[in-house]
Amino acid sequence: EGARAVTIPGDVVRISFPRRDFKYKAGQYLFVCVPEVSLWEWHPFSLSSAPGSDDVVMHLRVLGDWTHALHAHVTNACAKP
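As the structure is a prediction and not an experimental result, all values here were calculated from the model.

Enquirer: I'm lost on the environment of serine 53 in this one. Help?
Expert: As for its position among the elements, serine 53 is in the loop between strand 4 (43-46) and strand 5 (55-61). Taking the C-alpha atoms as reference points, serine 53 and alanine 79, separated by 26 residues in sequence, lie 28 Å from one another.

Have a look at this one:
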């Protein structure tokens, strides 16, 4: 099972994936690349889940071109049957 992305109210994309052996501390961040949006762009986002959670979660607010394109991509992907 891999990463999951959904849009939520307020122009936010929620990305999550199973923690498994991934270890992190509060306040850390990940660089995210979504090839369907931009093959060569990586963007840093803070983790919004607690370090002991079963899933690693990020909430990405639509603020610029890349996050707008990500929101549109996730919206379109979720609309497909």
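Enquirer: Could you clarify how one ought to interpret the nonpolar core in this entry?
Expert: One recurring pattern in soluble globular proteins: nonpolar side chains tend to sit buried together. Ranked by internal contacts, the top residues of the largest apolar core, which has 15 residues, are Met58, Leu60, Trp66 and Leu70. Look past the residues within four positions of methionine 58 in its chain and what remains in contact with it is Val13, Arg14, Ile15, Leu30, Val32, Phe45, Ser46, Leu47 and Ser48.

Enquirer: What is the right way to read the pattern of salt bridges from this model?
Expert: When the charged atoms of two side chains with opposite charge come close together, those side chains can pair. Per the counting criterion, the structure on display carries 1 salt bridge. Between arginine 4 and aspartate 55 there is a salt bridge, with the nearest N and O atoms lying 3.0 Å from each other. Placement of the pair is arginine 4 in strand 1 (residues 4-8) and aspartate 55 in strand 5, with a sequence separation of 51 residues.

Enquirer: Help me out: how do you make sense of the packing of aromatic side chains in this one?
Expert: Geometry of an aromatic ring pair is reported as the spacing of the ring centres plus the angle between the planes. Following the criterion strictly, the structure yields 4 aromatic pairs and no others. Measuring from centroid to centroid gives 5.8 Å for phenylalanine 17 and phenylalanine 22, while their planes differ by 70°, and the two rings are edge-to-face. Seen from their ring centres, tyrosine 29 and phenylalanine 31 are 5.7 Å apart, and the 70° between their planes marks the pair as edge-to-face. Three or more aromatic residues joined by ring pairs form one cluster here, namely Phe17, Phe22 and Tyr24.

Calculation criteria
- Residues numbered from 1 in each chain as written.
- Predicted model: local features only at pLDDT ≥ 70, side-chain atom pairs only at ≥ 80, totals over all residues.
- Heavy atoms only, no water.
- Helix = DSSP H or I, 4+ residues; strand = E, 2+ residues; numbered from the N terminus.
- Core = buried A, V, L, I, M, F, W, Y, C linked by side-chain atoms within 4.5 Å.
- Buried < 20%, exposed > 50% of the residue type's maximum accessible area, 1.4 Å probe, protein only.
- Contact = heavy atoms within 4.5 Å.
- Salt bridge = Lys/Arg side-chain N within 4 Å of Asp/Glu carboxyl O.
- Phe/Tyr/Trp six-rings, centres within 6.5 Å; stacked < 30°, edge-to-face > 60°.

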